[in-house]
Amino acid sequence: KGKQYNSKLLIKKAIFPLLSGKLKIDPTKFRLTINNDEDPFGFSFSTFGNTKMENISTNSLELQVAELPTPVPANFSGAVGQFNVLFSTINNTYSLSDAIPVEITISGNGNFSTLKPELFTSDSLFEKSDSRDTEPTLLQDQVQQIFSKKFTYLITPKIEGTHDLKLQFCYF
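On a predicted model such as this, the values are computed, not experimentally measured, just so you know.

Thresholds applied
- Residues numbered from 1 in each chain as written.
- Predicted model: local features only at pLDDT ≥ 70, side-chain atom pairs only at ≥ 80, totals over all residues.
- Heavy atoms only, no water.
- Helix = DSSP H or I, 4+ residues; strand = E, 2+ residues; numbered from the N terminus.
- Buried < 20%, exposed > 50% of the residue type's maximum accessible area, 1.4 Å probe, protein only.
- Areas by Shrake-Rupley, 256 points an atom, 1.4 Å probe, with all protein chains shown as cover.
- Contact = heavy atoms within 4.5 Å.
- Core = buried A, V, L, I, M, F, W, Y, C linked by side-chain atoms within 4.5 Å.
- Salt bridge = Lys/Arg side-chain N within 4 Å of Asp/Glu carboxyl O.
- 1 Å grid on protein atoms, 1.4 Å probe; cavity = no way out; pocket = protein on both sides within 12 Å on 5 of 7 lines; lining within 4 Å.
- Points joined across faces, edges and corners; volume = space filled by probe spheres on them.
- Nonpolar A, V, L, I, M, F, W, Y, C, P; charged D, E, K, R; others polar.
- Patch = residues over 30% accessible without salt bridge, like charges linked within 9 Å, V, L, I, M, F, W, Y side chains within 5 Å.
- Phe/Tyr/Trp six-rings, centres within 6.5 Å; stacked < 30°, edge-to-face > 60°.

Points about the overall build of the protein chain
Consideration 1: The helix and strand inventory of the protein chain stands at zero helices and ten strands.
Consideration 2: The proportion of buried residues among the 172 residues of the protein chain is 22%.
Consideration 3: Entry remark: accessible area of the protein chain is about 13,200 Å², with carbon and sulfur atoms responsible for 51%.

Some thoughts on the environment of Leu 139
Consideration 1: Counting through the fold element by element, Leu 139 comes out in strand 9 (residues 137-141).
Consideration 2: Other than its neighbours up to four places away in sequence, Leu 139 contacts Ser 107, Ile 146, Phe 147 and Ser 148.

Quick look at the environment of Leu 86
Consideration 1: Position of Leu 86 among the secondary structure elements: in strand 5 (residues 81-87).
Consideration 2: Sequence-wise, Leu 86 and Ile 106 are 20 residues apart; in three dimensions their C-alpha atoms are separated by 6.5 Å.
Consideration 3: Those residues in contact with Leu 86 that sit more than four places away from it in its chain are Glu 103, Ile 104 and Thr 105.

As for the environment of Thr 89
Consideration 1: Mapped onto the fold, Thr 89 is located in the loop between strand 5 and strand 6 (100-110).
Consideration 2: In this structure Thr 89 comes out as exposed when scored by relative accessible area, which is 76%.
Consideration 3: Taking the C-alpha atoms as reference points, Thr 89 and Val 102, 13 residues apart in sequence, are found 7.9 Å from one another.

Comments concerning the side chain of Thr 152
Consideration 1: Note that Thr 152 resides in strand 10 (residues 145-157).
Consideration 2: Discounting chain neighbours no more than four positions away, the residues touching Thr 152 are Val 102, Glu 103, Asp 130, Ser 131 and Arg 132.

Topic: the nonpolar core
Consideration 1: The biggest cluster of nonpolar side chains holds ten residues, and these are Ala 79, Phe 83, Ile 104, Ile 106, Phe 112, Leu 115, Phe 147, Phe 151, Tyr 153 and Phe 169.
Consideration 2: Going through the elements one at a time, strand 6 and strand 10 are the ones with two or more residues in this core.

Remarks on the pattern of salt bridges
Consideration 1: Considering all chains together, one arrives at three salt bridges under this definition.
Consideration 2: For Lys 22, the salt bridge identified is with Glu 62, shortest N-O distance 3.3 Å. With Lys 22 in strand 1 (residues 21-25) and Glu 62 in strand 4 (residues 61-65), this pair connects stretches of sequence that are 40 residues apart.
Consideration 3: Note that Glu 103 is salt-bridged to Lys 150, the shortest N-O span being 3.8 Å. Of this pair, Glu 103 sits in strand 6 while Lys 150 sits in strand 10, placing them 47 residues apart in sequence.
Consideration 4: Relative accessible area serves as the criterion here: at 34%, Lys 150 is assigned to the partly exposed category.

Considerations on the side chain of Ser 148
Consideration 1: Residue placement: Ser 148 occurs in strand 10.
Consideration 2: Among all residues touching Ser 148, those that are not within four sequence positions of it are Thr 105, Ile 106, Ser 107, Phe 112, Glu 135, Pro 136, Thr 137 and Leu 139.

Section: the layout of surface pockets
Consideration 1: When its volume is computed, the second largest pocket comes out at roughly 580 Å³.
Consideration 2: Phe 16, Pro 17, Val 80, Gly 81 and Asn 111 are, among the 26 residues lining the second largest pocket, the residues nearest its centre.
Consideration 3: Looking at side-chain class alone, the lining of the second largest pocket contains 14 nonpolar, nine polar and three charged residues.

Section: a nonpolar patch on the surface
Consideration 1: A surface patch of nonpolar side chains, about 230 Å² in accessible area, is lined by Leu 10, Ile 11 and Ile 56.
Consideration 2: Relative to the helices and strands, Ile 56 resides in strand 3 (residues 51-57).

Here's the deal with the packing of aromatic side chains
Consideration 1: Here the structure, examined in full by the defined rule, presents six aromatic pairs.
Consideration 2: A ring pair is formed by Phe 83 and Tyr 171, whose centres lie 5.1 Å apart and whose planes are at 80°; its orientation type is edge-to-face. Of this pair, Phe 83 sits in strand 5 while Tyr 171 is found in the segment after strand 10, placing the two residues 88 residues apart along the sequence.
Consideration 3: Its relative accessible area of 31% is what places Tyr 171 among the partly exposed residues.
Consideration 4: Pairwise contacts between aromatic rings join Phe 83, Phe 112, Phe 147, Phe 169 and Tyr 171 into one cluster.

Encoded structure:
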């Protein structure tokens, strides 16, 4: 009808369901200061005292969240999303008392705040420390938010010999 409108992105959030089933996301409410009238000078600036407060809200949203596949593997990391995994390269030879640093870098789109990968289960060949991990780093903020997080473990061989270290990261 010949009226010009401005639009602004007010908030952008990545949400991750923690339950399955039908979930409802409540509306988000905002209180904004908006121009009451057109700028008489044509520069889209509000004139002094020519603004008003307005309450607006988004619509609610209903989602159907599927259950995780069953049976859930014992080594499931708790991660759900799309991920890329990079394991650090390690030397081929170590002494029995050496602490071997193993790093895993996980990047992708998922709930990084609950991410806790289990690289391998402790067994009779290796002992492992708890991981030291970095805060998630935002790599890309486009249609999807892509994060990266690094985990560092120290493992110590318990028995001399040649051993295969089978690293894994299980996610849905």
